[in-house]
Amino acid sequence: MTDPSLNVPSPAPEPAPEPAPDGATGRLAGSPEPAPLIAPSLLAVDFSADAARAADAAADWLHIDIMDNRFVPNQTIGLDEVIALRAVTTSPFDCHLMIVEPEQWATRYAEAGAFNVTFHAEAAADPLALAKDVRAAGARVGLAIDRDTPVEPYLDLLPAFDLLLIMTIKAGFGGQEFLPYLLEKVRVARRHRNAGHLELRLEVDGGIAADTIAEAAAAGADTFVAGTAVFAEPDPAAAVEHLRRLVGGHRP
Ligand code: DX5
Ligand code: ZN
């Protein structure tokens, strides 16, 4: 700042900086479009502190898959491990709960510091009530729909959510083949979001890689989970960067 006592003209103001994505939300200031985010999935590596730290720097969000061997035939980590990972990383946590009775757990992940907590529509007794509880507990809230679940019955619920996760595989395991027909749900959700002026992220999860991400982006997805495509590469940070570039020219 110029010292007024010097009595010299103020320098011309600096040009306004380009809007930068907010680190947590990825939303560009003044833009109705959420900026694309890449969320590496720790399921593809392991849930160790070292792996989480390695992914942390490159990630927009860290995607953490919580599986209970009941909602899906696989089991991963739980609340205590997520709390431990929170302490050694800085990226916003995108917790994807593939568990029965998410009412028992979802708010606890919010309280543990998750930025976003997503539960499955197929598992929740009252998705609207749970969405409200998760928000009240301090996190954003997402609704996930699995491969065989249509999106239409849930469209009216979306104003209560910050994110819709559309599985592009059957939930449960990483490394599966991307199912392009499921992008029709993304297109439907995208049209609904635009028509309703909803602030809603559209996330795709499963088989997202260099050869599929552009198609998902063109369908209207803005948030991309990638496990194998990031961690099977020798340089995970470079893989994230590559995916980010591929999204660039393919936004609807
Ligand atoms: C599977 C999980 C995914 C999984 C994706 O149910 O929800 O997040 O990590 O793995 P890739 O990217 O390898 O398909
Ligand atoms: Zn997931």
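Definitions and cut-offs
Residues numbered from 1 in each chain as written. Chains lettered and ligands numbered in written order. Predicted model: local features only at pLDDT ≥ 70, side-chain atom pairs only at ≥ 80, totals over all residues. Heavy atoms only, no water. Helix = DSSP H or I, 4+ residues; strand = E, 2+ residues; numbered from the N terminus. Contact = heavy atoms within 4.5 Å. Areas by Shrake-Rupley, 256 points an atom, 1.4 Å probe, with all protein chains shown as cover. Buried < 20%, exposed > 50% of the residue type's maximum accessible area, 1.4 Å probe, protein only. 1 Å grid on protein atoms, 1.4 Å probe; cavity = no way out; pocket = protein on both sides within 12 Å on 5 of 7 lines; lining within 4 Å. Points joined across faces, edges and corners; volume = space filled by probe spheres on them. Nonpolar A, V, L, I, M, F, W, Y, C, P; charged D, E, K, R; others polar. Phe/Tyr/Trp six-rings, centres within 6.5 Å; stacked < 30°, edge-to-face > 60°. Lys NZ or Arg CZ within 6 Å of the ring centre and 35° of its normal.

Student: How should the overall build of the protein chain be read in this particular structure?
Tutor: Looking only at helices and strands, the protein chain has 8 helices and 8 strands in total. Restricting the contact set of the protein chain to residue pairs at least 6 apart, pairs at least 24 apart contribute 60%. Carbon and sulfur atoms make up 54% of the accessible area of the protein chain, which amounts to about 11,800 Å² in all.

Student: So what exactly am I meant to see when it comes to unusual backbone geometry here?
Tutor: Across the chain, the bulk of peptide bonds are trans and the bulk of non-glycine residues have phi less than zero. Phi at N69 takes a positive value of approximately 60°, unusual for a residue other than glycine. Secondary-structure assignment places N69 in the loop between β2 (62–67) and α2 (79–86). Although it is not a glycine, E101 sits at a positive phi angle of roughly 45°. The topology assignment puts E101 in the loop between β3 (93–98) and α3 (106–111). With relative accessibility at 43%, the residue E101 sits in the partly exposed group.

Student: For this particular structure, what's the right way to read the layout of surface pockets?
Tutor: Summary: where empty space remains is shown by rolling a probe the size of a single water molecule over the atoms. Estimated volume of the largest pocket: approximately 270 Å³. G174, G175, G206, G207 and G227 are, among the 25 residues lining the largest pocket, the residues nearest its centre. If you list the elements that add at least two residues to the lining of the largest pocket, you get β2, β3, β8 (223–226) and α7 (228–231). Of the residues that constitute the lining of the largest pocket, the class distribution is 13 nonpolar, 10 polar and 2 charged. The calculated volume of the second largest pocket comes to roughly 220 Å³.

Student: Can you help me understand the packing of aromatic side chains in this one?
Tutor: Two measures describe an aromatic ring pair: the distance that separates the ring centres and the angle between the ring planes. Inspection of every chain in the model, using the stated rule, returns 2 aromatic pairs. Taking NZ or CZ as reference, R86 lies 3.8 Å from the ring centre of F93, over its face.

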